[in-house]
Every structure is written in C-alpha cells, then in structure tokens.
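Examination of the molecular architecture
Next come the chains, spelled out residue by residue.
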Amino acid sequence: MQMLTKFESKSNRVKGIAFHPKRPWILASLHNGCIQLWDYRMGTLLERFDEHDGPVRGIAFHPSQPLFVSGGDDYKIKVWNYKTRRCLFTLNGHLDYVRTVFFHHENPWILSASDDQTIRIWNWQSRTCIAILTGHNHYVMSAQFHPKNDLVVSASMDQTVRVWDISGLRKKNQAPGSQAYEDHFNRQNSQADLFGSTDVMVKYVLEGHDRGVNWATFHPTMPLIVSAGDDRQVKLWRMNDTKAWEVDTCRGHFNNVSSAIFHPRQELILSDGEDKSIRVWDMSKRNSVATFRRDHDRFWVLTAHPELNLFAAGHDNGLIVFKLERERPAFQVNRNNLFYIQNKVLHVHDFNNGNDRELLSVRKLGSQYVQPRTLSYNPAEKAVLVTSPHEGGTYELFNLPRDVSGDLREPADEGKRGSGSSAIFIARNRFAVFDKTNQQIQIRDLTNTVTKSFKPPTQINEIFYAGTSTLLMATGTSVILYDIQQRRTIAELTTPMVKYVVWSADMNLVALLSKHTITIADKDLQQKCLIHETIRIKSGTWDDAGVFVYCTLNHIKYALPQGDNGIVRTLDQPVYLTRVNGKSLHILDRDGNARVMQIDPTEYRFKLALVKRQYDEVLHIIRNSNLVGQSIIAYLQKKGYPEVALHFVRDDRTRFELALECGNLEVALETARSMDTEDCWQKLSVEALKQGNQQIVESAYQRIKNYDRLSFLYLATGNTDKLRKMLKIAELRNDPMSRFQNALYLGDVEERIRLLRDVGQLPLAYLTAKSNGLTELAEEILAQAGKTEDEIELPEAPSQPLTVPQPVIQLQDNNWPLLTVSRSFFEGSFSLDQKNDQQAAAPGLQFTDDIEDIEEAGGDWGADDENEITGISQVPHGGDEDDLEGDDEEGGWDMDTDIKIQMQEQSQAPVETAEFVAPTAGTSESSSWIQSSPLASDHIAAGSFETAMQMLNRQVGIVNFEPLKSRFMAIYQASRASLSGNPNIPSMWVYLRRNQEDFDPRRSLPAVAHNFQNLITANLQPAYNAFTKGRFAVATTQFKTLLHSLLFTVVNTPAEAEEVKQLVGICREYLLGLSMEQKRRAIGASPEATKQALELAAYFTHCQLQVPHMQLALRQAAKLCFKNKNFSSASTFARRLLELAPVTTVANEARQIQAACERTPTDEIKLGYDQYNPFVVCGISYEAIYKGSPKADCPYCSTSYLPEHQGKVCTVCEVAQIGSQGSGLRVTA
C-alpha cells in the first residue's frame, strides 16, 4: 500500500482541517489564528480569514450551505460565509478553549467541544445555545454527530468516551411551534441548562484508555466507534441498543495518538499522532497494514472526504491531502470490447450493446488492499497480463475461460506469475516484462518461459506497447522507440516523464501523457505538438477522425495533432476515457463502472475540418450546429478565415472589422450604415478605394463630408457634373479654397477669376485673365485696381496655357475598372441568392463538385451491380454515362476552357545619338536563366535540356524522359515570342519574363508555363469529375498529366510549395487506386481471381480519396464482398461507409448490408487483408506491404514497392526510378 500525495501546503501548525463536500476545497485552521481556504486541485490559496485571537482548533464546512464554522482559543465560535468572505456572527458561551466544531447533517445545529468540560449544541439560525452536555470532568477534546442517527460521541482527557442520545432534542425542535416553546423554556428554565439539558442523555460511557482520549468518531454505516488517546493506543468499540463494549486495541504508535478515523470504503482504520506517522490498520485483524512517516512533523488532525477517496492530515508545518492507492482501474480496449478490472474481477464490456460480463477473479494477485495497475490483452490467444505494484511489482498471465457462465473461477496455475513492474504483450505468443530494480527486460512466451533477456539502452522507468516487436521506453526526460529484434534505438523524443501512452487506431499517431503535458507524435516519434495543462491529466483516447480527447481532473478536452486544443465539457468527478464514438464518450468512473457520457464534438470536428481543408464538412457543421462564442471567432480570425467568422458574429463592430478583413464590402457597408460613425466610414472608404468601388467611396466621403476627397474622386473619374455640384456646395459653404480647387479641376477660368476678385486677390485675378487671353476681363480688373498696363510687369507666358484634360467618354458603370476580389468557398455558400448556382473552384486541393447523392456517379461505378444482390432491397440508379454527359454540358464546372496567360512585354525605346556606334554582341538573356535559377523549368525555357534532365534526376530520380518531351517543348516555346523584321532579315526573339517589375536582364526569370492554380482548375477538377462518373481511363490520363506537369510548376511561397507536395500525393493515391480498380475489372472469374478481386477492392478503400469518392469505393467494396459471402468484410466496409454520412438512400443500403452480415459475421473467402495493421500497396504486384516490412519507394510520387522491384521505372508516375535517392522536388526559386 502506498500514500499518493495530491496536495501539500506549507504554513504554521495546522490544528483543524475540513473538506468541502462538493468543491475541491479544504479549510485549514492554524495555530497562529489564521484560517486558510485552499483549492487542492489547483494547489492555490483562495482566501485567508483572520478574526480569531489565538489558535483556531476546530473547523467544519456546512454540508449544503455556503457556510463554515470555526472555534478557537478565544472561546469563540464563528460562523462564516465563504461567498461573501466575511464572518456572519459569533457564538459566545464557552468558558475555555474550543476544541472541535461540527455541523449537523440535517438540522441547523452546531456541535462544539471545549476545555470548559462541556459540549454545546447551537442553533445557527436562531444563533442560540439549545443544549449543554455536561458529564465529563476534564477537557473535552472532540465531539461529533452520528452521520445518520440521533447520537453524539465525545472524547475527553478524563480517559472516557461518551455516547449521548439527542433524540429528545430533535423531537423538541420538530414539534409545532417549537421555537416559541423553546424560547419560553429557555427563559423559565435557564438554570436547568447549567447542570445539563434533560433533552440530551448519556447513553454509554466507554472506559478503557489509560490516559486522556484525544479523538472519537462513528463508523459511517456500522455500529462502531474508534478512539485515539495519549496512551498511544487506537481502540475499536462496538455498540447496540443497550450497551457498548471494547472490541480490540491497535498498538504501534510511539507517542500520543492525535486522531483516528474509519476508511469510508474499506475495512480500514487510519490514525496519526505525535510520533510523526500516519498508520493504516486492518479493522478485522487489528494489525498494522502500512505506516507513512515524516521526518520532522508531528500530526495533529486527520479527516476523510465525505464523498471521494481522499484524506487530509494536519502537521507542524502545514497539511497534506492524500489517498491510499490509485483509483485508476486497469483496462485495455480491443476493437469493440473493453477489458477492465473492478474489485479484482476481470470484466469485459461490449461498446456496441452495453453488455457487461465477469470473466474471472484476480484476487490472488498482490495484496487485498492494492488494486491491479495495468492490463494487457492478447486477442489471438485470449489471454491477459495483469500487473500489481505490490512488493515492488508482480504480474500474472491469465487465460480467459471459454465458458463464462456460473461462478467465477479462481486461476490455479501459479507458474504463470512473476515479478516485474511492467508486463505487456508484444506479439501473438510473446510478452515483455520489465524489472525496474535490476533494469532488465525479459521476453517470455505463453508458458512464462524466458526466451530473451536484455538491458535497456539507458535507465528507464516504464515500458509501453509500440507495435509488434517494438517497445516504447520511458526515461525521466524522454521516450525511446526500441526495436527488440535488432536491439537498437529507432528514435528518441524529449518529453517530461511519461505516465501513459495512447496509440491511435491506425498506429500512426501516439499521445504521450505526462503529469501536466501531452506530447503528440507520429509513429516515428516525430513531435507534432506539445500541450501544457495546469491541472493533472488523467487519461485520453483517440477519436475516429484523428482528434485526441483527454480529461483532466475537472474537464474533458480535445487536442488536434496540429496543436489546437479546447474544452469539450466540465466534469464533477474525474473519469477515465476508453473510447469516443461520435457524441458518445465511453468512460470508467472511479468506482470501476463502465458508463457512457454524452459530449458535443462539433467544435473539434469543425477545427479539424478547417485544418484538413475539408470545406464541405465545415459548411455542413456551420449549417447544422450552434457553434458560437468569442473563442471560435478568434480562432477563425487567427487561422485566416474571416469570412467564416463573419457567419457567427452578430455584433456590428466585429462584423464590420471582419468584413473589411475578408474584403466583403456589402456587409461592411450594411454594418457601417447601422453604426454610422466617422471612423467606420473612413475605414470603409479606404478598403473600397483599394478595390476600386467608387460608388461606396463616394457614399463614405459624403457621409463624413470630406469635400476635398470627393472633388478629387470626381476629377479622377471624370465626373464633371458632380464637380460642378461640388463647386456650388463650396460656394454655399462660403469656402473660397474649395471653390478655387473645384474651379481648377473643372478648367473654369472665369469662375477662378470671379473667386479671386471676391476675396480681394486682384493681382492674381488679373494674371489669370491675362494668361488665359481674357483681355477685356483683364482690363476691367486693372481698372478696378486703379492701375494701367504700363505699371504692370508680367512674366513671359507660354503660348498655350495648361488646361485640365476633359474626359473623352463618360462611363456608364462608375465602378470600372474594379479590382477582382475572389470570393471564397464559404462566401459563395453563405450567399442565399447563389444557393443553387455552381461555385467557383474551392481554395486548396479539395474536390469541389457538390455531389449530394453518390447515386449520381455513373460510368464504370455501376458495372458490378448488373447482377442483383440477394438479401437486401435494391436502390435505383441515377442514370447512365450519357445522362451525366448531358448534365455536364448544361451546368458543370467549366474546367475544360483554356486559360489564356496574358503576358506583358517590357520594351525600351532606343536613344538617338549623334554618331553611329556599332553594337557589340551581348550575353543572351536566356543564358542568365541557367546561371541564376535552380529550377528545371527555367533551364528548359533557356533551351538547356541536358542540365534540366540532370536536375530532375538529382532531385526526384527521373530516368524516363520520353513522357515529358512534349512538356519540354511547350515550356521552351512559351518562354519567348518572335517578332518578324524586314524582308530578308531574321526574326527577333523577345523573352517573356515572370518578374516584369525587374528591368535588369541579369535577374530576369522566364514566364511560367505551368501555373499552379491553373493546374488545379484545368486538370484536377476535371480529373475528379471523370473519377466520379466512372470514366477511369480518362481520369487516369488526367491525373497522370497533372502529375507530370507538377514537375515543372513554379510557385512563390513555402505554403504553395507544400500544396504542390500535397497535390503529388493526391495524384499518387488516385492513380494507384485507379490502377487497382482497372486491374480488378480485368481479371477472370476463377476462385483465385475472385480472392484477388476482393483484396483489390479492399485495398482501394485505403487510398486517401476525397469523401464522395471514398463513399463510392466503400460502397463498391461492401456490395462486392456481400455478393461473394464475405459478410464480415462487407460489414466492415458498410460501417466505414456509414461513418462518412452518405445520403439517405446509400445509408439505408449500407445499413441493410450491415444488418444482413451481422447474422453470419464470417468470410467465405479468406483474404490477405488486415485493416487494423497499417500497410501500403505495392504499385506493381498490388500486394499489401505491412508496417515494418522492407520496401522501396518512388523518389517522386512516393509510391511503395516490394524490394524486388527496385531499379524499375515507377508504374504510377512512369518517369522516376524505384528506390533511387533524391534531394526532393524544388518548385521555388
């Protein structure tokens, strides 16, 4: 048995402690007069209460009200409200130190014990003393209510324990009008209370201690009393209706025993004393089970939590909160079953139907007080390994019984036991045992015989399962992935000390759980993210979507592999997660009961869909859930999706800022009108001006009365009519500067002269009139000024004065030219006006064809359905390929239209010189491309095909250049234009650049022939569409064309380069899947061919396809297996199909298949296919290559092959050599 410390405080001597019944709080009353309120989960001090003079010895929480009571050496009892953080009132009456105080569990009573040799019962509502219990003739050290009956037990320094009957007091206080009668009785018989109330009577006096008794308390359910005294003894007493007697004495303390309590859940007694120890006693045998010592601290008080398995003890330098043994049940999940141990009995729980069965008893393992620590299940041999920390660690191997009916069986074979702190299965017939003391790992077979033994590479604390023949070894600062067969370290990851390891279902991700951190890594121990928690992490499990759901002491949370995390729901009590299935969270509580808890996974599925760019899923969640909150809005802004955040926001200010961020002028204008502030109109005008929306700019300037900018806007747009209106407005506003400015913009010389005369600027008016040829007006101004022409000296004026050019054509659309702001996938979907219109291509690489019914898929997808499937009702098909062709012509994505690349030529006019200089031959611009660019496409554009081939060979192992010949020629031709000269003179080459802003030919780069976004639009989406329609040959050609074009793609940012890699992976998955599907359709009908066809159909469903396409593959595989009576496999495919939420008709069909298969869940044809073991498919033989098996990869498309195919040309990309090494495709300059 071990004491697990959960919290420890440092303070003055603690004389009294009390747990809150619901919240994770504990009160500590100190010898210096202070009362501390601690949160023992967070480890923080919440509040201090300082009103007592002198030590505070008694403290207690009210079981239901926000109250606590304290009693101290100042003779006072104080009642506090912890919400208002103040003392409500003080009860005075005791004549000496108050030792203990307790609330009654039902009545408004407080029980206090004092050194004045009395026990008092107070009514805290009326704030009066209702009973005084006298009879002890020395200090009363403690007094407590019985948890259920009308009894009080008290302990005194007079060496006795007394049991008091308070039933009369209860009856008196429950009688009608009891309060008035009580007041009357108190007034008339106040003298009687001085010698003891007649409402309370002594029932028993227990004598047996040789010295003073410090503590006495009742058992929560049994008629037992435990007492502790200065005679260093702990005594157990039993009572009935007529008498009480001593049962036995527990001896072992070396000094005064301060307190003793019953364990609320086990037959144990806990005691502490001034000998600096806490002891645990067996209540039936009365012997010491465990002793926990401290070096310098005497213990003064001990208490148990009213509901949880927690204890607290106060000592000289603070308090300690602890529990005896771990409450975490040993469990393991295997497919749809949960194996767990409750009360030392192995249970199996079925997740699907909720059935729970007892399998066998493990009571003989370890100590009766120590629960098993871990459980490892072997599904192949139906065996379990159970470990216990008893005596340094023991393990036992159990074979599960075939028949679980009747009584539980006790395993009799003790030869399968052994010592070891950890024991786990690592293969079908092998398990590993770790001896922590000797730092030795033994590999044993199922007869418990050692087959191999070795020492770990460094000092380790624990071993965990990591797949067949591999182990995870946890050190104090890292985790090591170790290969048992090769005896070598595969990888190592630095992390805090790991307590638990949770693998995802496909073994591709692992969560390493420490006390306060979670490290998520891949199967090669490459860290994905690190999450810190302030509260202890208890357990976790993986969601089917690849999200890690975990729980702390008071929250269920989630973590995405990319690092995002959040709260799913709060918890009243800690639980242990076993599985997540949609909205159902399967858990084990601390009592070891398997339960189901409902959660809302919307938030983390929404974030995961955003991270994976599954925009259809994002849109579905938005439309069908109630995702709200500032955290979601902030997350969407942080991740660069303001248009999605805009959908959730109702606050005008936030909507306005989000609309500006995503360039949505319509929403910004709407919210600006509702707020109507100058700041909003100013920001809106700036954004509208960037986009060229002059109408909104004009409206914004008008709202804020920015006349100068309005005038300039009208000048820039050539709107002379509105400029004249601005001139009149300036005149009405009596603003001469604005009048002059508008007159200048209009070219209205007479208006300018009139203005200058009005403001008294006659010299300027005269100069303006004279320079513009208005002689008569000039003479009039001169006469007005009293001057003659001889007195005026004018500068030389140009023959033709400058005037403002007049607009040639008045535009009908004031917003031309308008900057094109691309609308995102979400903005188009949120628009009700365009709900049924075809959307533009979605950002990223997702399949954007909105297949609302996969029944529409045509072509070869229906080829396997020619024969009726018996056993399920048939679903009508949506039509043939011709119908789909017609639909494509009516609407479609218009992805086959040619994209015209507009390129501007930079030219420079020759400079005329006085004499002729013969030009010297310069360096060709194309030669600079070879020197300055590391990209193969730039070398091809320069005509250096040889260097381009060498670069492609070094980067991605290209050896077969025949399929790329046409692209070489196209890139070369697209990089230059030919200008014809005079007759008999050769044409001139003009090189087309992609960096036109740089005029230095030495830094120029050729134009891009294969634009990445154009490839997505013109190649990827048509390929997706062809796949959907079942035109597999067309889809294969298009995906292969796209894969070859990506070799010559040029992008500008690392993010785009990453998208290129993703697109290569997409092409690989589709091409491999298409080749397997075409191979399947080409094989014959023999039994061996049927087996191969079923395997190929199964492998096809493991290609990483878009969701609609995965639905097609799964549906086909399910129906094919069903037709060939492979019901178990068909059920698996149907279940996976249902998890993708297909349309109703397809879902109903899948459910029918699943229901039919569950009646006979067997496979008639044994397949070489294991969905639970990670694998890849060989691109030539189409055989599964399981994890850990040798393989060779294509350096370009990463297709995997069996080792015998190394050196051949990849059959997927058809250009790279299998197994060759490459530095990686480079697409950024």
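Treat the numbers as computed from the prediction; the structure is a model and nothing was measured.

What to know about the nonpolar core
In terms of nonpolar packing, the biggest core is built from 91 residues, with Ile 958, Phe 1039, Leu 1043, Leu 1046, Leu 1047, Tyr 1196 and Cys 1213 touching the most fellow members. The dominant element in this core, judged by the number of residues it contributes, is helix H25 (residues 1054–1082), at 11 residues. Phe 7, Leu 268, Leu 270 and Phe 311 belong to the second-largest nonpolar core, a separate cluster that totals 32 residues.

Some details on the UniProt feature "repeat: WD" (unreviewed entry) in the chain
Mapped onto this structure's residue numbering, the UniProt feature "repeat: WD" (unreviewed entry) falls at residues 7–48, 49–90, 91–132, 133–167, 206–247 and 250–291. Segment residues 133–167 splits into 3% helix and 57% strand. End C-alpha atoms: 14 Å apart.

Details of a nonpolar patch on the surface
Side chains of Leu 764, Leu 767 and Leu 794 sit close together on the surface and give an oily, nonpolar patch of about 230 Å² of accessible area. Of note, Leu 767 is situated in helix H15 (residues 762–771). For Leu 767, a relative accessible area of 37% translates into the label partly exposed.

Considerations on the pairing of strand S55 (residues 594–598)
Where strand S54 (residues 584–588) lies against S55, five bridges are found, and the strand directions are antiparallel. When the bridges of S55 are listed, Leu 585 appears paired with Met 597. Here S54 hands over to S55 after five residues, with Gly 592 in that stretch at a positive phi of 85°.

A look at unusual backbone geometry
A positive phi angle, close to 55°, is found at Arg 335, a residue other than glycine. Structurally, the position occupied by Arg 335 is in the loop between strand S29 (331–334) and strand S30 (337–342). Residues other than glycine seldom take positive phi values, yet Lys 382 does so here, at roughly 55°. Take Lys 382: its relative accessible area is 48%, and that puts it in the partly exposed class.

A word on the packing of aromatic side chains
Scanning all chains against the criterion turns up 34 aromatic pairs. Relative to Tyr 1070, the ring of Phe 1039 has its centre 4.8 Å away and its plane inclined at 20°; by these criteria the two rings are stacked. Taken together, the residues Phe 1039 in helix H24 (residues 1032–1045) and Tyr 1070 in helix H25 connect sequence positions 31 residues apart. An identical accessibility class is assigned to Phe 1039 and Tyr 1070; each is buried. Linked through ring pairs, Trp 25, Phe 49, Phe 61, Phe 68, Trp 80 and Tyr 82 together constitute an aromatic cluster. The aromatic ring of Phe 254 is capped on one face by Arg 279, whose charged end is 5.2 Å from the ring centroid. Residue placement shows Arg 328 over the ring face of Tyr 500; its charged tip is 3.7 Å from the ring centre.

Focus: the packing of helix H27 (residues 1107–1123) against helix H28 (residues 1127–1139)
Describing two packed helices takes the angle between their axes plus the distance from one axis to the other. In the contact formed by H27 and H28, the axes pass within 8 Å of each other and the chain directions differ by 160°. Comparing the axis directions of H27 and H28 gives the class roughly antiparallel. In this structure, the crossing between H27 and H28 has a hand that is left-handed. Contact residues: Met 1110, Gln 1111, Leu 1114, Arg 1115, Ala 1117, Ala 1118, Cys 1121 and Phe 1122 in H27; Phe 1127, Ser 1129, Ala 1130, Phe 1133, Ala 1134, Arg 1136 and Leu 1137 in H28. Split into classes, the residues belonging to the contact of H27 with H28 amount to 11 nonpolar, two polar and two charged.

Describing the environment of Trp 929
Among the secondary structure elements, Trp 929 is positioned in helix H19 (residues 925–932). Taking the relative accessible area as the measure of exposure, Trp 929 reaches 0% and is therefore buried. Leaving out residues up to four positions away in the same chain, Trp 929 has contacts with Asp 938, Ala 941, Ala 942, Ser 975, Arg 976, Tyr 991, Leu 992, Ser 1004, Leu 1005 and Pro 1006.

Focus on helix H26 (residues 1087–1100)
Between its first and last C-alpha atoms H26 spans 20 Å; for 14 residues at 1.5 Å apiece the expected length is 20 Å, and the two agree. Burial within H26 is extensive, with 10 of its 14 residues counted as buried. Within H26, the full set of buried residues consists of Ala 1089, Thr 1090, Ala 1093, Leu 1094, Glu 1095, Leu 1096, Ala 1097, Ala 1098, Tyr 1099 and Phe 1100. Along its buried surface, H26 packs onto helix H23 (1012–1028), H25, H27, H28, strand S58 (1175–1177) and strand S59 (1184–1186).

Each value, and the rule that gives it
- Residues numbered from 1 in each chain as written.
- Predicted model: local features only at pLDDT ≥ 70, side-chain atom pairs only at ≥ 80, totals over all residues.
- Heavy atoms only, no water.
- Core = buried A, V, L, I, M, F, W, Y, C linked by side-chain atoms within 4.5 Å.
- Buried < 20%, exposed > 50% of the residue type's maximum accessible area, 1.4 Å probe, protein only.
- Helix = DSSP H or I, 4+ residues; strand = E, 2+ residues; numbered from the N terminus.
- UniProt positions renumbered as here; feature names shortened; annotations may be inferred.
- Patch = residues over 30% accessible without salt bridge, like charges linked within 9 Å, V, L, I, M, F, W, Y side chains within 5 Å.
- Areas by Shrake-Rupley, 256 points an atom, 1.4 Å probe, with all protein chains shown as cover.
- Salt bridge = Lys/Arg side-chain N within 4 Å of Asp/Glu carboxyl O.
- Pairing = 2+ DSSP bridges.
- Phe/Tyr/Trp six-rings, centres within 6.5 Å; stacked < 30°, edge-to-face > 60°.
- Lys NZ or Arg CZ within 6 Å of the ring centre and 35° of its normal.
- Axes fitted to C-alpha atoms, helices over the stretch in contact; angles between N-to-C directions.
- Parallel < 35°, antiparallel > 145°, perpendicular 65-115°, else oblique.
- Left-handed = near helix turned anticlockwise from the far one by under 90°.
- Contact = heavy atoms within 4.5 Å.
- Nonpolar A, V, L, I, M, F, W, Y, C, P; charged D, E, K, R; others polar.
- Expected span 1.5 Å × (residues − 1).

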